[in-house]
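# Commentary on secondary and tertiary structure
Residue strings, one per chain:
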Amino acid sequence: MGADISKRQSKAATLYSRALKVLPGGCSRNTILREPHPLYASHGEGCYITDVDGVKRIDFANNMASLIHGHAHPAVVAAVTEQVAKGSAYTMGTESEITYAEYLCSRNDAFEKMRFVNSGTEAVMACLKASRAFTGRSKIAKAEGSYHGLYDYAEVSQTAKPENWGDLNRPASVPVAYGTPQSTLDDVVVIPFNDPQRAIAILDQHTEDIACVLIDLLPHRIGVIPASSEFVRALHKWTQANNALLVFDEVITFRSNYGGAQEWYGVVPDLTAMGKLIGGGYPVGALAGKAEVMDVMNPLADRVLFPHSGTFSANPITTIAGLTSMELFDRTAVLRLNQLADYAKDSISEAIRIAGIPACVTGGGSMFRVHLKEEAPDSYRSAYVSPQEAKLMKLLFGYLADNGILMISTCSATLSTVMTKKEIDILTETLLDGLREIGPMMVNKKQI
Ligand SMILES: Cc1ncc(COP(=O)(O)O)c(C=O)c1O
């Protein structure tokens with residue numbers, strides 16, 4: 001789809017050489033990097049994105065799962081354009097902040113009160129701080145390998161590797177950033193995902209100290225495999241029995257159902273972190289939950305347990321874009337998108353079967369991920385991508401990008417409502433060609 005590669009590389013390469021001089025690694029977010037240089041966007045329209053060299057691709061990355069209606073949805077553009085002319089941020093509240101909070105709370109009974117922030121990282125951070133403030137405890141528990149943004153505590157063990165992840169019965173607290181204080185690591189209890197027995201045994205060693213258990217119900221880095229009901233129920237029971245809070249990170253997964261992935265489980269969390277799609281394409285985060293917990297942020301209380309503010313929090317561009325976008329993402333739209341993802345997973349499984357190589361597809365809701373593994377992973381350790389697999393994955397991702405398909409670099413996809421079976425069929429056909437291309441290298445590992 002589009003211009004020839006040599007021309008494309010020249011413009012992007014020029015931009016990248018400028019970028020390398022002013023941005024560490026030539027970027028502001030590592031997720032856009034690819035070899036020999038990142039792609040640079042010119043514009044997006046619906047489910048298509050065109051780069052600065054004129055190459056058009058189907059966008060399955062959707063700005064890391066945040067563009068639920070693809071690019072520049074006309075209703076969102078109109079609503080935002082009207083607001084931009086009136087100003088983008090004020091040292092005043094806005095009606096749209098209240099209307100949007102009312103609307104999001106109406107989508108899920110667990111959302112009694114909420115607050116807006118500017119990113120998913122901030123939403124998770126605020127959930128953890130609110131949990132500490134509410135319980136008076138310092139530790140948090142999280143699943144090994146789960147990504148929750150950049151907050152020191154939330155990122156522990158996100159990149160744990162075989163050489164440092166330790167015994168499964170007691171996974172190590174592995175820092176992501178150099179210089180992470182030991183005290184932070186000591187305050188994070190790491191549990192294995194979807195392993196209720198081991199997880200509860202670990203939690204039981206910290207009954208007096210854990211403020212909350214933080215869980216993503218369909219964690220990307222753990223292979224886009226849904227949390228089992230047994231696991232979620234066990235964590236819920238444990239938090240209730242031990243006066244700790246249950247926090248769901250639905251920054252990505254809120255797209256999975258009308259009221260979030262949590263609807264799959266019938267378990268009511270104390271707090272939910274959100275982000276991505278609820279911003280309608282603009283920077284956002286939010287946390288919602290039980291009023292008594294959220295009230296640790298109440299500035300009208302005699303003693304404010306968790307003072308909380310943010311310069312751009314609930315800015316009217318985001319709240320108006322978010323409201324417009326989420327109203328369009330109604331129950332019918334959610335169902336249709338999930339069905340399209342089921343169709344995609346079935347088609348991809350068939351493509352893998354035809355290609356005859358050891359690979360599989362996992363997913364839930366409107367997201368899925370292709371693994372170069374014969375068996376679908378069921379844990380972080382089994383989803384772990386070996387250096388060998390990473391090289392092949394890079395080739396597959398590159399093949400797709402060179403042939404009109406933009407995925408997330410782990411070969412994960414998130415769908416947007418403007419997609420149809422046509423785009424899925426193109427993805428499947430291109431993926432089949434890509435798998436055929438890398439297939440021989442999987443047999444003869446020496447080739448890569
Ligand atoms: C599950 C989850 N939590 C939190 C975050 C952090 O969100 P943000 O990038 O908006 O800070 C992400 C981002 O990918 C995420 O996937």
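Residues numbered from 1 in each chain as written. Predicted model: local features only at pLDDT ≥ 70, side-chain atom pairs only at ≥ 80, totals over all residues. Heavy atoms only, no water.

### Examining the overall build of the protein chain
Condition: Strands here are runs of E lasting at least two residues and helices are runs of H or I lasting at least four, both read from the DSSP assignment and numbered beginning at the N terminus. Exposure is judged per residue with a 1.4 Å probe applied to protein chains only, and the accessible area is read against the type maximum: over 50% gives exposed, under 20% gives buried, and values in between give partly exposed. The criterion used for residue contact is that any of the two residues' heavy atoms lie within 4.5 Å. Under the convention used here, a 1.4 Å probe and the Shrake-Rupley method define accessible areas, while residue burial counts only the protein chains that appear. Under this rule, positive means Lys or Arg and negative means Asp or Glu; His and the chain ends count for nothing. By convention, the charge on Lys lies at NZ, on Arg at CZ, on Asp at CG and on Glu at CD.
The secondary structure content of the protein chain amounts to 14 helices and 14 strands. Dimensions of the protein chain along its principal axes, counting C-alpha atoms only, are 65 × 55 × 45 Å. Taking all 448 residues of the protein chain together, 56% fall into the buried category. Considering only contacts in the protein chain between residues 6 or more positions apart, those separated by 24 or more positions represent 70%. Carbon together with sulfur atoms contributes 53% to the accessible area of the protein chain, which is approximately 19,500 Å² in total. Put simply, the protein chain has 42 plus and 48 minus side-chain charges, and the middle of one group is 5 Å from the middle of the other.

### Some points on the packing of helix α7 (residues 196–203) against helix α8 (residues 229–241)
The criterion, for reference: Orientation is described by lines fitted to C-alpha atoms, with helices fitted over the stretch in contact, and by angles between N-to-C directions that extend from 0 to 180 degrees. Note on angle classes: values under 35 degrees are labelled roughly parallel, values over 145 roughly antiparallel, values of 65 to 115 roughly perpendicular, and the remainder oblique. Each crossing gets its hand from how the near helix is turned against the far one by less than a right angle, where anticlockwise is left-handed and clockwise is right-handed. Lys, Arg, Asp and Glu make up the charged group, whereas Ala, Val, Leu, Ile, Met, Phe, Trp, Tyr, Cys and Pro make up the nonpolar group; the residues left over, Gly among them, are polar.
Contact geometry of α7 with α8 gives a least axis separation of 9 Å together with a crossing angle of 20°. Looking at the two axes, α7 sits roughly parallel to α8. Considering how the two elements wind past one another, α7 and α8 form a crossing that is right-handed. Facing Pro-196, Ala-199, Ile-200 and Leu-203 of α7, the residues of α8 in contact are Glu-230, Phe-231, Ala-234, Leu-235 and Trp-238. Tallied by class, residues from the contact of α7 with α8 come to 8 nonpolar, no polar and 1 charged.

### What about the site of the ligand?
Applicable threshold: Neighbouring residues are identified by heavy atoms, a residue being near a molecule or strand if any of them is within 4 Å of it. The term polar contact refers here to a pair of N or O atoms within 3.5 Å; inside protein, the definition further demands a hydrogen-donor-capable atom paired with an acceptor-capable atom, and it admits residues adjacent in sequence only when both atoms are side-chain atoms.
The full set of residues close to the ligand is Ser-119, Gly-120, Thr-121, Tyr-147, His-148, Gly-149, Asp-216, Asp-249, Val-251, Ile-252 and Lys-276. In this structure, an oxygen atom belonging to the ligand sits 2.8 Å away from a main-chain N or O atom of Gly-120. The side chain of Lys-276 places a nitrogen or oxygen atom 2.7 Å from an oxygen atom of the ligand. Compared with its free state, where it exposes 390 Å², the ligand has 82% of that area covered by protein. Tallied by class, residues from the shell around the ligand come to 3 nonpolar, 5 polar and 3 charged.

### Comments concerning a negative patch on the surface
Selection rule: In this scheme, patches are assembled from residues that exceed 30% relative accessible area and form no salt bridge. Like charges are connected within 9 Å, while nonpolar side chains (Val, Leu, Ile, Met, Phe, Trp, Tyr) are connected within 5 Å. When a carboxyl oxygen of Asp or Glu lies within 4 Å of a side-chain nitrogen of Lys or Arg, that pair is called a salt bridge.
A cluster of acidic residues, Asp-425, Glu-429, Asp-433 and Glu-437, forms a negative patch at the surface. In this fold, Asp-433 is placed in helix α14 (residues 421–443). Accessibility expressed as a relative area gives 36% for Asp-433, which makes it partly exposed.

### Quick look at unusual backbone geometry
The omega torsion of the bond from Glu-35 to Pro-36 falls at 0°, within 30 degrees of zero and hence cis. You will see that Ala-314, though not glycine, has its phi angle at about 60°, which is positive. For Ala-314, the position within the fold is in the loop between α9 (291–294) and α10 (316–328). The class of Ala-314 is buried, set by a relative accessible area of 13%.

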